[in-house]
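# Close look at the chain arrangement
Spelled out, the chains give:
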Amino acid sequence: MDLSISSPFRGAFPAPTSTFILNPKSRCSHSLNFFKHRNSYSKNPLFSRQKIPIRAQVSDPAVDDGFVIDDVPHLTDFLPDLPSYPNPLQNSQAYAIVKQTFVRPEDVVAQKIVVQKDSSRGEHFRRAGPCEKVYFKSEEVRACIVTCGGLCPGINTVIREIVCGLNYMYGVDDILGIQGGYRGFYSKNTLILTPKVVNDIHKRGGTFLLTSRGGHDTQKIVDNIQDRGINQVYIIGGDGTQRGASRIYEEVEKRGLKVAVAGIPKTIDNDIAVIDKSFGFDTAVEEAQRAINAAHVEVESVENGIGIVKLMGRYSGFIAMFATLASRDVDCCLIPESPFYLEGKGGLFEFIEERLKENGHIVIVVAEGAGQEYLAQSMQGIDEKDASGNRLLLDVGLWLTQNIKDHFTKERKMAINMKYIDPTYMIRAIPSNASDNIYCTLLAQSAVHGAMAGYTGFTV
Ligand SMILES: Nc1ncnc2c1ncn2[C@@H]1O[C@H](COP(=O)(O)OP(=O)(O)OP(=O)(O)O)[C@@H](O)[C@H]1O
Ligand SMILES: O=P(O)(O)OC[C@H]1O[C@](O)(CO)[C@@H](O)[C@@H]1O
Ligand SMILES: [Mg+2]
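Since the model is a prediction, treat every value here as computed from it, not as a measurement. (Residues numbered from 1 in each chain as written. Chains lettered and ligands numbered in written order. Predicted model: local features only at pLDDT ≥ 70, side-chain atom pairs only at ≥ 80, totals over all residues. Heavy atoms only, no water.)

### Focus on the site of ligand 2
Around ligand 2, the neighbouring residues are R213, I268, D269, M312, G313, R314, E368, Y425 and R428. One nitrogen or oxygen atom from the side chain of E368 is found 2.6 Å from an oxygen atom belonging to ligand 2. The contact in question runs from an oxygen atom of ligand 2 to an N or O atom on the side chain of Y425, over 2.5 Å. When the free accessible area of ligand 2 is taken as 400 Å², the share hidden by the protein chains comes to 77%. Here the shell around ligand 2 is built from residues that sort into three nonpolar, one polar and five charged. Each of domain 1 (19–279 + 432–459) and domain 2 (281–421) contributes no fewer than three residues to the shell around ligand 2. (Near = heavy atom within 4 Å. Polar contact = N/O pair within 3.5 Å; in protein donor to acceptor, adjacent residues only side chain to side chain. Areas by Shrake-Rupley, 256 points an atom, 1.4 Å probe, with all protein chains shown as cover. Nonpolar A, V, L, I, M, F, W, Y, C, P; charged D, E, K, R; others polar. Domains from an automatic or database assignment.)

### Some remarks on the packing of aromatic side chains
On inspection of all chains with the given rule, the structure shows five aromatic pairs. Aromatic side chains F318 and F322 sit 6.5 Å apart centroid to centroid with 50° between the ring planes, which places their arrangement in the tilted category. Taken as a pair, F318 and F322 lie in helix α7 (residues 318–327) at a separation of four residues, close to a single helical turn. Between F349 and F408 the ring centres are 6.3 Å apart and the planes differ by 80°, which places this aromatic pair in the edge-to-face class. Of this pair, F349 sits in helix α8 (residues 348–359) while F408 sits in helix α10 (residues 396–411); the two residues are 59 residues apart in sequence, bridging distant segments of the chain. For the pair shown, F349 and F408 are each scored as buried. (Phe/Tyr/Trp six-rings, centres within 6.5 Å; stacked < 30°, edge-to-face > 60°. Helix = DSSP H or I, 4+ residues; strand = E, 2+ residues; numbered from the N terminus. Buried < 20%, exposed > 50% of the residue type's maximum accessible area, 1.4 Å probe, protein only.)

### Thoughts on helix α6 (residues 281–300)
The end-to-end C-alpha distance of α6, which contains 20 residues, comes to 28 Å, matching closely the 28 Å that a straight helix rising 1.5 Å per residue would cover. Buried within α6 are the following residues: F281, T283, A284, V285, E287, A288, Q289, A291, I292, A295, H296 and V299. (Expected span 1.5 Å × (residues − 1).)

### Brief notes about the site of ligand 1
By nearness alone, 20 residues border ligand 1, and G150, G214, D239, T241 and S388 come closest of all. Measuring from an oxygen atom of ligand 1, one finds a backbone N or O atom of G214 at 2.6 Å. Between an oxygen atom of ligand 1 and a side-chain N or O atom of S388, the distance comes to 2.6 Å. Contact with the protein chains removes 84% of the 630 Å² of surface that ligand 1 exposes when unbound. No other element matches helix α5 (residues 239–255), which puts six residues into the shell around ligand 1. Considering only residue class, the shell around ligand 1 consists of two nonpolar, 12 polar and six charged. Taken domain by domain, the shell around ligand 1 gets at least three of its residues from each of domain 1 (19–279 + 432–459) and domain 2 (281–421).

### Comments concerning the pairing of strand β16 (residues 305–311)
Within β16, seven of the seven residues are buried, which leaves it mostly tucked inside the rest of the structure. Of the two faces of β16, the one holding G305, G307, V309 and L311 and the one holding I306, I308 and K310 are both buried throughout. Pairing analysis gives seven bridges linking β16 to strand β18 (residues 361–367), with the strands arranged parallel. Looking at β18, one finds that K310 is bridged to V366. (Pairing = 2+ DSSP bridges.)

### Re the domain arrangement of the protein
Taken domain by domain, the protein comprises domain 1 (19–279 + 432–459) and domain 2 (281–421). For the domain 1 face of the interface with domain 2, the top three residues by lost area are R213, I268 and D269, together amounting to 37%. Where domain 1 meets domain 2, there are two salt bridges. A salt bridge links R213 to D386; the nearest nitrogen and oxygen atoms lie 3.6 Å apart. Summed over the shared surface of domain 1 and domain 2, the result is 11 residue pairs in polar contact (both at pLDDT 80 or more). The residue inventory of the side of domain 1 that touches domain 2, partitioned by class, reads three nonpolar, eight polar and six charged. (Buried area = accessible area lost by both parts, 1.4 Å probe. Salt bridge = Lys/Arg side-chain N within 4 Å of Asp/Glu carboxyl O.)

Listed below in structure tokens is the structure:
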């Protein structure tokens, strides 16, 4: 596993994460180039990356050690005369340690931690964290936060920590909540967010700001940002949301506005390239154990018990796979990345029969995106999309249940006991656990440091 992105807290101050850019155009910072979807990353032009070889450390210009930085944009790229100020954290007793831990422009995080002795240095990202110079005075900042897409444990913690981070670390007290996703910019009133208002929200699931799919109108959103005098925009959401954030950043740059756009990646499916784990994933895997345990208890207590648990995972089976590995009660895990078939030698039916003979029961975990090709064949013509344009998946759990029942009762004339559990929303509509809370805090604070330092168009 690549552990390059998130670092543990050091002392009273969280060590910086690294970040990636929202947009291929770039300069220095600490963020990733807007969000890379694990499966679509290389195919989607949005995610194509500009590689900027840096030779700063190399004294002999003839030496090319293959160091590449996937850099992020900065406000001074299009507003070259912006003044900078010393980071106010230096003056705070509570953050005295920060003086030794400022992130320097040369600090980067390697994408790969396993390399060969003679391989080139490879791809790197800006390291996130507090910088010596900031490009906003505290009293000048008017920030806003928006949440889009599906739910995920920890969204409220991220909201809370952006508000508290801005206020406690940088003295910012003008923070607005945009309600109901992107469309909330132009169709709803804003909420005033203070540390007091958000104090307890991390104990609740969901999003305090409400969310939605669809409704991204770049022009209207940026008009609204401009009209309201907002100059820092924090956008929490998945791959679609980060694409939308990229559009906002491009429009802001086109209009020459001093507005920092920062993305915080959210996805329960853990389908982001570059990072190992998205926030809320741990919590979801933990909650999935309850469904798997229930399935196991049920099928262990009957003859020929077949338990099926369907878990989220549209294009990637991380939740299903991790929940399976953690549980040890699962016999078979079906994920979108790995094709399977039902009939014949090596097929699922054969495997189930073997297990029933051997153990008297079987537990199968299936990710929602697995086997969609079969469902599409059997239900031709159904091609529904959600408001954001994501294809709505057909229910693989029901399809599997029906096919297994038909096979064993009709063809094999065997009596089976089928138990189908679909805990879909239960694993994401819960508050984040302790370790996700810390991770959410790290991401939120890193986004705040990045925006204060003038970086923009990045996903932390
Ligand atoms: N290419 C795009 N350009 C602009 N906006 C987009 C784009 N794709 C999606 N969006 C907007 O982003 C928001 C969220 O998108 P979507 O519903 O796909 O969820 P997501 O962010 O991918 O989260 P998740 O899939 O994890 O639930 C929606 O408001 C949608 O209109
Ligand atoms: O029903 P909703 O809220 O649109 O979201 C369901 C989808 O959102 C996700 O949780 C995240 O993309 C998927 O796993 C799932 O398919
Ligand atoms: Mg998505």
